[in-house]
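# Per-entry structural report
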Amino acid sequence: MAHWSENAFPLSVELQSIDAVGQLCSVSYKEPAVFLLWLPNELPLYDYDAIREFSAALHSESIVCVLTTPAQAVRLLPYLETTLKFQLWVAVKTPVVCPSSPTRLPSQHAALLVLSRYRGSLKHTKTRIGYTYCPACGRTTKDYGGKKHVYHEYGTLMSDVWRDIEIDFYSRSGIQPVVDRLRDLFGLSPYRRLYLIETSDFPFVVSEASAIHETLFADYLPAEVDLTSQLVQGDCIDSLRSLPDNSIDFCFADPPYNLRKKYDHWNDDVDSREYFEWCDQWLAELARVLKPGRTLAVLNIPLWAVRHFQFLQNRLQFQNWIVWDALSFPVRMIMPAHYAILCFSKGEPRTLPAYLNIQESQFLEPLAENFCLRPQCQLRRRLKGIHDRGALTDLWYDIHRLKHNSRRVDHPCQLPPALMHRLIAVFTYPGEVVLDCFNGVGTTTLAAQQLGRQFIGIEISEKYHAIALQRHQILSAGGNPFANRAEVPEAKNSPVPRLRKQKYLVSKKTLQLEVKRIAQLLGRLPTREDVAQMGRFPIELYDQYFISWGEVCAAARTTGMSELPPTMQQNQQISLFSE
Ligand SMILES: C[S@@+](CC[C@H](N)C(=O)[O-])C[C@H]1O[C@@H](n2cnc3c(N)ncnc32)[C@H](O)[C@@H]1O
């Protein structure tokens, strides 16, 4: 098993096979328990009502998990949310399923919804996923750099993308890895039992385009307009209204998420109804300007993507739900690590350019799983001719969110250029028009220009618009707008203030290990006063170098790790590079 749950008492599993979903309501469950509804196939709407009724009757501590397709998860969620609190959308890896026509990416994930009868945050055991090791250099797949002392020897805290297991969605034995994980994840008081509920009355098999609608636009001809590349400073809805119908080859949106990010010119903390009404307006405009057969892609957190899906499915045709595992470093009990990139086409999608853009294969062939992203290892693999490429599916795990300040300009949430290069190469051909109505500092339009596409970027903030313009000038003059920079940007992705750049008299690692030593002496995490009295370094250094006391104690809370597999820690490292 690829996970380890601290202090877990694994739940016993009880299988409940029912002939019809309607029977769910006939059994009453008095105890607090965990339920896994396994719904591989599409259900009629009256079954959703039965699931809602069933959930409403559960004990107030119970947990309901639903394993299903992303499209069905979207449809079912509003029914569940009337009586349950949404906690997590976990993307679980499945075998690759190729689409029946080359108009979609192969699918490689199922949705595991986790909801609770209680309103608070999800209670579960601290669960870690074992490290994986690069087959080329033999070191951990993730590069922990100078932070190994603050990680656990077993593995990283679990995230909401489960790629270490693979489930065969259509057989009961195939979903066993999810059952095993849930038994441990919720193996704490007051739970004793996991009910695995399967039904045998599946009327339809889900197709990959399960939300097909006759679209309003399918018969429209592409507009005969010649749009020139441009950056527009202004409100996206106003600007979109000035564009002709059916004129854009690829619409992309990375909107503000209404999660209180500090933008230059935007209130990112409005009432959620207001937020979605606003989203529906620009989504409708994007659907209008999109050419028939082309794709609109929206990036958002999974729960908000559900809402966009519900709006778009009445206008466009569902094409792909791409999971972008943005590869964060673990900070929370279950770390939210992924974004949804919802792809809808206008009418029947055309053959994906991804299958024909041979000359852009460098953007379209992802790294094979478990090869590391260390630049040195990548270079050596290239020199040695080691094949490290995998197949492109709807599960993307090889593109990091921007981690280093040197890669950022002054914007709180820029996307990595590699993500935009891939999306543009998947959905467009050179010369076609790419539109981003939340262009920020220009990641999309710059990537489009680099790949020889026309572009339109709309951005409301004068400041970000000016930065984007300046970066396009760099690109047009033959420079690299994404090159590393020496300056530290002011904008930040989190509300925690950034410490100024400084020279450390004693390294942060040494200070954290000193706190770990004191913790071992005391048998508990030390306070600031403890460290001031017992430590070998002035307490002022801790005040100056760390953002919080939590960071000071990071090494004291864990065991520390090695980047080599346990079997190799004593010996010489073995790798594909060995002669
Ligand atoms: C998530 S950021 C996009 C960042 C962009 N993908 C990048 O990599 O630079 C969202 C952007 O939308 C802009 N924005 C917010 N409201 C807008 C509106 N009504 N019209 C146009 N842009 C808007 C914000 O200023 C912000 O730069």
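Everything below is about the structure printed above this text.
The residue numbering used here restarts from 1 in each chain and proceeds along that chain's sequence as written. Reporting of local features is limited, given that this is a predicted model, to residues whose pLDDT is at least 70; pairs of side-chain atoms are given and counted only at 80 or more, and all residues count toward the totals for whole chains, interfaces and linings.

## Let's talk about the overall build of the protein chain
When helices and strands are counted, the protein chain shows 15 helices and 18 strands. Partly exposed residues are those whose C-beta has more than 12 but fewer than 20 other C-beta atoms within 10 Å; 20 or more makes a residue buried and 12 or fewer makes it exposed, with C-beta atoms placed from the backbone. Burial status across the protein chain gives 41% buried among its 579 residues. Nonlocal contacts in the protein chain, meaning residues at least 24 apart in sequence, comprise 79% of its contacts between residues at least 6 apart. Helical segments are the DSSP runs of H or I of at least four residues, strand segments are the runs of E of at least two, and each set is numbered from the N terminus. It is the C-beta atoms, placed from the backbone, that decide contacts: two residues are in contact if theirs lie within 7 Å.

## Regarding the nonpolar core
A set of buried Ala, Val, Leu, Ile, Met, Phe, Trp, Tyr and Cys residues, joined to one another through C-beta atoms within 7 Å, is what we call a nonpolar core. Residues Cys65 and Leu286 are the most contacted members of the largest nonpolar core, which totals 114 residues. When residues of this core are assigned to their parent elements, the largest contribution, seven residues, is made by helix α9 (residues 417-427). Shared between two domains, this core takes at least three residues from each, and those domains are domain 1 (3-199) and domain 2 (230-476). In this structure, leucine 286 is in contact with Leu240, Cys251, Ala253, Leu296 and Cys437, ignoring residues within four places of it in sequence. In this entry, domain limits derive from an automatic or database-based domain assignment.

## Some thoughts on the pairing of strand β13 (residues 290-300)
Burial analysis of β13 places nine of its 11 residues in the buried class, which makes it a mostly covered element. Being paired, for any two strands, means DSSP has found at least two bridges between them. Summarising the sheet, strand β12 (residues 248-253) and β13 pair through five bridges and their orientation is parallel. Across the sheet, residue phenylalanine 252 finds its bridge partner in β13, namely alanine 297. Pairing geometry for β13 and strand β15 (residues 338-345), over six bridges, is antiparallel.

## A few points about the packing of helix α1 (residues 45-56) against helix α2 (residues 70-80)
Closest axis-to-axis distance for the α1/α2 pair is 9 Å, and the angle between their directions is 40°. One way to sum up the angle between α1 and α2 is to call them oblique. As α1 packs across α2, the resulting crossing turns out to be right-handed. Residues Tyr48, Asp49, Ile51, Arg52 and Ser55 of α1 form the contact with α2, whose participating residues are Leu76, Tyr79 and Leu80. To obtain an axis, a line is fitted to C-alpha atoms, over the contacting stretch when the element is a helix, and the angle between two such axes runs from 0 to 180 degrees between their N-to-C directions. Every angle not falling under 35 degrees, over 145, or within 65 to 115 is termed oblique; those three ranges are roughly parallel, roughly antiparallel and roughly perpendicular. In this scheme the crossing of two helices becomes right-handed for a clockwise turn of the near helix relative to the far one and left-handed for an anticlockwise turn of less than a right angle.

## Describing the sheet that holds strand β1 (residues 3-5)
Across the sheet, three strands lie side by side as β1-β7-β8; this open sheet has antiparallel pairing. Here the strands that pair on one side only, and so sit at the sheet edges, are β1 and β8 (155-157). The average undirected angle you get between the axes of adjacent strands in this sheet is 30°. On top of the sheet, helix α3 (residues 176-185) reaches β1 and β7 (127-130); it is set at about 20° to β1, its chief contact.

## Considering the site of the ligand
For each residue, a C-beta atom is placed from the backbone, and the residue is labelled near a molecule or strand when this atom is within 6 Å of it. With respect to spatial proximity, 21 residues lie near the ligand, and among them Cys236, Phe438, Gly440, Thr443 and Ile460 are the closest. Grouping the constituent residues of the shell around the ligand by class yields 12 nonpolar, six polar and three charged. Note on residue categories: nonpolar means Ala, Val, Leu, Ile, Met, Phe, Trp, Tyr, Cys or Pro, charged means Asp, Glu, Lys or Arg, and polar means any other residue, Gly included.

## Side note on the environment of histidine 400
Residue placement: histidine 400 occurs in the loop between β16 (395-396) and α9. Separated by 72 residues in sequence, histidine 400 and serine 328 place their C-alpha atoms 7.6 Å apart. In this structure histidine 400 touches Ala326, Leu327, Leu373 and Pro416, once residues within four positions along its chain are discounted.

## Quick word on unusual backbone geometry
Note: most residues except glycine have negative phi, and most peptide bonds are trans. Following serine 189, the chain continues to proline 190 via a peptide bond in cis, the omega torsion being 10°. Note that proline 190 resides in the loop between α3 and β10 (193-199). Of note, the phi angle at asparagine 246 is positive, near 50°, even though the residue is not glycine. Inspection of the secondary structure assignment puts asparagine 246 in the loop between α4 (236-241) and β12. Asparagine 246 gets classed as buried once you count the C-beta atoms within 10 Å, which come to 20.

## A word on the sheet that holds strand β9 (residues 161-162)
Taking strand neighbours across the sheet as the criterion, the seven strands line up as β2-β10-β3-β4-β6-β5-β9 in an open arrangement whose pairing is mixed. The sheet is open, and its two borders are formed by β2 (12-18) and β9, each paired with just one other strand. Running over the sheet, α3 touches β2, β3 (34-39), β4 (63-68), β5 (85-97), β6 (107-116) and β10 and is turned about 150° from β10.

## A word on helix α5 (residues 272-289)
By definition here, a helix of n residues has an expected span of 1.5 Å times n minus one. The end-to-end C-alpha separation of α5 is 26 Å, in line with the 26 Å expected for 18 residues at 1.5 Å each. Regarding α5, the residues found buried are Cys279, Trp282, Leu283, Leu286, Ala287, Arg288 and Val289. Buried residues in α5 make contact with α4, β12, β13 and α6 (302-312).

## Considerations on the environment of serine 189
Of note, serine 189 is situated in the loop between α3 and β10. Residue classification places serine 189 among the exposed residues on the basis of 9 C-beta atoms within 10 Å. Through-space distance from the C-alpha of serine 189 to that of threonine 125 is 10.0 Å; in sequence the pair is 64 residues apart.

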